[in-house]
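Structural overview
Letter by letter, the chains look like this.
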Amino acid sequence: MNYISIKEINSLSKWVKQAIKIKKNPLKNQSLGKNKTLGMLFFNPSLRTRLSTQKAALNLGMNVMVMNFTNEGWTLEFEDGAVMNSGASEHIKEAAEVVSQYCDIIAIRAFAGLVDKEKDYQETVISGFLKYATVPIVNMESAIRHPLQSLADAITMEEFKPRHKDKPKVVLSWAPHPKALPQAVANSFVEMMQLQKDMDFVITHPEGYELSPEITKDCKIEYDQNKAFENADFVYVKNWSNFNDYGKVTNSDPNWTVTAEKMALTNNGKFMHCLPVRRNVIVSDEVLDGENSIVIEQANNRTYSAQLVLQKILKKL
Ligand SMILES: NCCC[C@H](NC(=O)CCC(=O)O)C(=O)O
Ligand SMILES: NC(=O)OP(=O)(O)O
């Protein structure tokens, strides 16, 4: 079993219940991972993913090895048949096969390059590992998906959803950012929302900032952010760079920053963000530090989302 996309989940509600059970007693399965090794490979920075996934593995009694490819690994070649006479020192074929001999599970973080849309949307790095590794692969944010994040988001919404309402309203809102960021978090959030049975979902972003139509499919899009926020129970905020004008920042309108005035339009809505977040660019201090901000608990749930995934994989080894 691999965990590449939220689509690996057969029943989201069951997985969320199981994760909440793990959260109540995280050390219950400490012998499950005994003598098993998790290898975590990072091609980009991380705080939450690195520590929560490691913590999850330790809760299961696993050994953990972490490697940063950015400064410490050989530059990898991903193209079959490549003549390797320039930058890359090692082909993914050997690298993935070798790492598989040391690890029982390999977890990978490899962001989008945001230059070549086709390459990013083909998931070159994670697909290379899937092709050549001989052990299960876990996605710790790939070019286009961040499924450990969106599972943690689903856990968090279950914990904080209003009990009296049949169909909570959830808004995914774009917000400005000075750098070009990947679409992965937003994509996986959308895919997770498509698995939710009883929630109203709307995406809001400036015109021209549409996500991949293959991912958003039948999702409701509202270009008026204020309208989208009306009566929302959860406001999930994230910047992404332009998908059509690929990887470019074509809008940095500060009117899209989430402020207390905007949150006042919601149904006492909870503020969510995957973190790290740029204060007073994505969201005002007032909202982020306010009592309806659930970003810290959201980050806490990363441990239980990772632990559930590792637990399921370990049981199948
Ligand atoms: N893993 C959570 C988000 C990671 C990444 N954010 C960032 O790179 C923010 C960097 C900055 O704000 O400088 C993203 O958007 O996919
Ligand atoms: N949310 C998240 O994935 O955080 P890191 O990038 O710090 O791991």
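The name given to the chain in an unreviewed UniProt entry is N-succinylornithine carbamoyltransferase, with the source organism recorded as Flavobacterium procerum. Its UniProt record, at the heading Function (unreviewed entry), says of the chain: "Catalyzes the transfer of the carbamoyl group from carbamoyl phosphate to the delta-amino group of N(2)-succinyl-L-ornithine to produce N(2)-succinyl-L-citrulline. Is essential for arginine biosynthesis." Recorded under Sequence similarities (unreviewed entry), the UniProt text for the chain is reproduced unchanged: "Belongs to the aspartate/ornithine carbamoyltransferase superfamily. SOTCase family."

1. Quick look at the overall build of the chain
Scanning the chain for helices and strands turns up 13 helices and 11 strands. By the compact-globule yardstick of 20 Å for 317 residues, the chain fits well, its C-alpha radius of gyration being 20 Å. Judged by the C-alpha coordinates and their principal axes, the chain covers about 55 × 50 × 35 Å. Every one of the 317 residues in the chain was classed for burial, and the buried ones make up 43%. Counted over contacts in the chain with a minimum sequence separation of 6, partners at least 24 positions apart contribute 78%.

2. Overview of the nonpolar core
The nonpolar side chains of a soluble globular protein tend to be buried, and buried together. By size, the foremost hydrophobic cluster in this structure holds 84 residues, and its most contacted members are Ile106, Ile108, Val235 and Leu310. Three or more residues apiece are contributed to this core by two domains, here domain 1 (6-145 + 301-316) and domain 2 (147-298). Contacts of Leu310, omitting those with residues within four sequence positions, involve Leu38, Ala56, Ala57, Leu60 and Ile105.

3. Regarding the pairing of strand β1 (residues 37-42)
β1 sits mainly inside the fold: five of its six residues count as buried. Inspection of the sheet shows β1 paired to strand β2 (residues 63-68) by six bridges, in the parallel sense. Opposite Thr37, over in β2, you have Asn63 as the bridge partner. In terms of handedness, the path from β1 via helix α2 (residues 48-59) over to β2 forms a crossover that is right-handed.

4. Observations regarding the UniProt feature "binding site: N(2)-succinyl-L-ornithine" (unreviewed entry) in the chain
The UniProt record annotates "binding site: N(2)-succinyl-L-ornithine" (unreviewed entry) at Glu141, His177, Lys238 and Arg278. Not counting residues up to four positions away in its chain, the partners in contact with Glu141 are Thr49, Arg109, Phe111, His146 and Ala184. Note on placement: Arg278 falls in the loop between β11 (270-272) and α12 (285-288).

5. A word on the domain arrangement of the chain
Segmenting the chain into domains produces domain 1 (6-145 + 301-316) and domain 2 (147-298). For domain 1 and domain 2, the distance between their C-alpha centroids amounts to 25 Å. Between domain 1 and domain 2, the residue contacts involve 29 residues of the former and 26 residues of the latter. Within the residue set of the side of domain 1 that touches domain 2, elements represented by two or more residues are α1 (12-24), α2 and α13 (295-316).

6. Re the confidence of the model for the chain
The share of residues in the chain with pLDDT of 70 or more is 100%, and the mean pLDDT across the chain is 97. Both scores are available for the predicted complex, with the pTM at 0.98 and the ipTM at 0.99.

7. Notes on the environment of Ser173
Looking at the secondary structure, you find Ser173 in strand β7 (residues 169-174). Those residues within four positions of Ser173 in sequence are excluded, and the remaining contacts are Thr204, Gln225, Ala228, Val235, Val237 and Val258.

8. Describing the sheet that holds β1
Spatially, β2-β1-β5-β6 is the arrangement adopted by the four strands of the open sheet, whose pairing is parallel. On the outer flanks of this sheet lie β2 and β6 (137-139), each paired with one strand and no other. Averaged over all pairs of adjacent strands, the angle between their axes in this sheet comes to 20°, without regard to strand direction. Bridge analysis of β1 against strand β5 (residues 105-109) gives five bridges, and the strand direction is parallel. By the bridge assignment, Gly39 is partnered in β5 with Ile106.

9. Details of the UniProt feature "domain: Aspartate/ornithine carbamoyltransferase Asp/Orn-binding" (unreviewed entry) in the chain
Sequence positions flagged by UniProt for "domain: Aspartate/ornithine carbamoyltransferase Asp/Orn-binding" (unreviewed entry) are, in local numbering, residues 185-310. The annotated region residues 185-310 carries 33% helix and 12% strand content, and the separation between its end C-alpha atoms amounts to 20 Å.

10. Quick word on the packing of α1 against helix α7 (residues 147-160)
In contact at an axis separation of 9 Å, α1 and α7 are set at 80° when each is read in the N-to-C sense. The orientation of α1 relative to α7 falls into the category roughly perpendicular. Residue-level inspection shows Leu12, Trp15, Val16, Ala19 and Ile20 of α1 in contact with α7, the latter providing Leu151, Ala154, Ile155 and Glu158. Considered class by class, the residues forming the contact of α1 with α7 number eight nonpolar, no polar and one charged.

11. Examining the site of ligand 1
Ligand 1 sits among Glu141, Lys179, Leu181, Pro182, Ala184, Val185, Cys274, Pro276 and Arg278. Each residue belonging to the shell around ligand 1 can be placed in one class, and the counts come to six nonpolar, no polar and three charged.

12. Regarding the sheet that holds β11
Strand order across the open sheet formed by five strands is β9-β8-β7-β10-β11, with parallel pairing between neighbours. Whereas interior strands pair on both sides, the edge strands pair on one side only; in this sheet they are β9 (220-221) and β11. In terms of strand pairing, strand β10 (residues 234-238) meets β11 through three bridges, oriented parallel. The residue of β11 that forms the bridge with Val235 is Phe271.

13. Things to note about the site of ligand 2
Around ligand 2, the surrounding shell consists of Ser46, Leu47, Arg48, Thr49, Glu141, Gln149, Cys274, Leu275 and Pro276. Among the residues forming the shell around ligand 2, the class breakdown is four nonpolar, three polar and two charged.

What counts as what
Residues numbered from 1 in each chain as written. Chains lettered and ligands numbered in written order. Predicted model: local features only at pLDDT ≥ 70, side-chain atom pairs only at ≥ 80, totals over all residues. UniProt positions renumbered as here; feature names shortened; annotations may be inferred. Helix = DSSP H or I, 4+ residues; strand = E, 2+ residues; numbered from the N terminus. Rg over C-alpha atoms; globule rule 2.2 N^0.38 Å. Buried ≥ 20, exposed ≤ 12 C-beta atoms within 10 Å, placed from the backbone. Contact = placed C-beta atoms within 7 Å. Core = buried A, V, L, I, M, F, W, Y, C linked by C-beta atoms within 7 Å. Domains from an automatic or database assignment. Pairing = 2+ DSSP bridges. Right-handed = clockwise from strand over helix to strand, strands pointing away. pLDDT = per-residue confidence, 0-100. Axes fitted to C-alpha atoms, helices over the stretch in contact; angles between N-to-C directions. Parallel < 35°, antiparallel > 145°, perpendicular 65-115°, else oblique. Nonpolar A, V, L, I, M, F, W, Y, C, P; charged D, E, K, R; others polar. Near = placed C-beta within 6 Å.

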